[in-house]
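Descriptive structure summary
Chain by chain, the residues run as shown.
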Amino acid sequence: MFETIFQLLILFGGLSLLAFGGGIAVIPDMQRAAVDVHQWMTAQQFLDIFALSRALPGPGSLIVVLIGQKAAGIAGAAAAALGMYGPACLLVFFTARAWHRARERAWRRIAERALGPIAVGLTFASGLVLAEGSEHDLASWGITIAATLLLTLTEINPVPVLLGGAAIALVAG
Amino acid sequence: MAQMAKKNEPPSLTTLCWCFAVIGIQSFGSGMSAWIRREVVDRRGWIDDPAFAAGLALSQISPGASGVNLAVFIGATLRGWSGALATFSGMMLPPIAIALAAGAAWAAARNNAMLDTALNGMGSAAVGLILANGLRLMRRNIRDVPGALVLAGTTLAVGVLHLGLLPVLAVALPVSLALNWKR
């Protein structure tokens with residue numbers, strides 16, 4: 001039991017620091033560790049957990065809580081969350097403070113202008129990668145494009161748009 | 001941004017925690033930064049768009065879950081240590097509790113096909129939420145041709161060609177900095 005909790009902490013602590021570009025990037029590594037290396041679950045169970053994590057509120061990286069729970073109950077879930085969020089959040093905290101202290105500096109204005117287009121590009125890229133990962137067929141793209149237009153051109157709350165997506169998929173499927 | 005921070009009182013810890021709890025509960029899939037921008041920039045005006053975009057880029061560049069990073073970044077910017085704790089716990093604790101309950105329910109009974117279809121549709125709409133956020137960010141962060149080129153190059157390299165984030169940034173960051181240096 002303690003061994004499993006220790007393994008969860010080390011696994012997600014390490015993976016979180018490798019997860020450049022968000023949690024999605026390390027999903028294949030998580031699967032290899034949980035299914036093949038530590039054998040906490042079968043491949044099918046991992047797939048179920050992944051689908052579940054996408055449907056739940058909160059960040060997609062919450063999948064680590066479900067993996068931890070499956071491996072070692074509540075304590076496992078806590079260890080997985082601590083590993084996933086602890087080191088990465090500390091790092092970003094110190095970055096934010098340094099950034100904030102530099103708010104009057106000329107270089108920060110330059111850096112801000114330089115980072116803007118990169119942020120927008122990475123945002124579009126994550127949308128494209130996610131669409132690809134979820135086997136987007138024609139109906140799925142229809143939902144995606146309709147949601148994009150609605151949310152760009154109107155001030156509608158996103159929750160009904162998400163629910164509408166589910167309803168259209170049910171009717172079309 | 002500097003003037004705004006001087007004029008406006010930073011939000012209280014309770015307000016911060018509550019605001020991010022609402023964001024955490026409402027966001028599905030991976031549209032977290034869209035929800036954060038909507039609340040923090042559009043509705044509450046705590047941070048302006050260029051400052052948000054820079055924070056977003058730094059959160060995406062830093063390792064870890066970028067939405068969670070962004071929450072910590074904004075909390076730390078507005079209120080330091082306690083602000084970061086407020087945004088993190090507000091955003092994470094309710095979804096973690098829900099995930100644990102759902103995980104226990106899943107262990108008892110498996111998903112059925114109808115649920116899978118509904119989840120897929122929801123996921124497709126969530127991709128739209130991310131793309132719409134990109135379009136909105138574009139309006140106030142892309143002002144010239146060099147900016148548009150950096151945007152297009154980053155999108156192509158990561159989103160279409162699937163190049164790793166590290167090599168892409170190793171090129172995009174110096175290029176973007178050089179393009180903005182003299183202005």
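Read on for an overview of the structure.

About the cut-offs
- Residues numbered from 1 in each chain as written.
- Chains lettered and ligands numbered in written order.
- Predicted model: local features only at pLDDT ≥ 70, side-chain atom pairs only at ≥ 80, totals over all residues.
- Helix = DSSP H or I, 4+ residues; strand = E, 2+ residues; numbered from the N terminus.
- Buried ≥ 20, exposed ≤ 12 C-beta atoms within 10 Å, placed from the backbone.
- Contact = placed C-beta atoms within 7 Å.
- Axes fitted to C-alpha atoms, helices over the stretch in contact; angles between N-to-C directions.
- Parallel < 35°, antiparallel > 145°, perpendicular 65-115°, else oblique.
- Left-handed = near helix turned anticlockwise from the far one by under 90°.
- Nonpolar A, V, L, I, M, F, W, Y, C, P; charged D, E, K, R; others polar.
- Arc of directions from axis to C-beta.

A word on the overall build of chain A. A count of helices and strands for chain A gives 7 helices and 0 strands. Counting from the amino terminus, helix and strand elements in chain A follow one another as α-α-α-α-α-α-α. Residues classed as buried in chain A amount to 48% of the 173 residues present. By sequence separation, contacts in chain A at least 24 residues apart represent 49% of the contacts at least 6 residues apart.

This paragraph deals with the packing of helix α3 (residues 32-43) of chain B against helix α6 (residues 113-141) of chain B. Residues and elements named next belong to chain B. One can describe the packing of α3 onto α6 by two numbers: an axis separation of 8 Å at closest approach and a directional angle of 50°. Here α3 is positioned oblique relative to α6, judged by the angle of their axes. In this structure, α3 crosses over α6, and the sense of that crossing is left-handed. Between α3, through S33, A34 and R37, and α6, the contact on the second element is made entirely by L129, I130, A132 and N133. Of the residues in the contact of α3 with α6, the class split is 4 nonpolar, 2 polar and 1 charged.

A few words now on helix α2 (residues 27-37) of chain A. Residue and element names in this part refer to chain A. Within α2 the residues assigned to the buried category are M30, A33 and A34. For α2, the angular spread of buried residues about the axis comes to 85°, placing them on one side. In α2, those exposed residues whose orientation departs by more than 90 degrees from the buried face are P28, R32, D36 and V37. Buried residues along α2 sit in contact with α1 (2-18), α3 (43-55) and α4 (63-101). Q39 occupies a position one or two residues after α2 and carries a positive phi of about 55°.

Without other data, these values stay purely geometric and don't point to any function.
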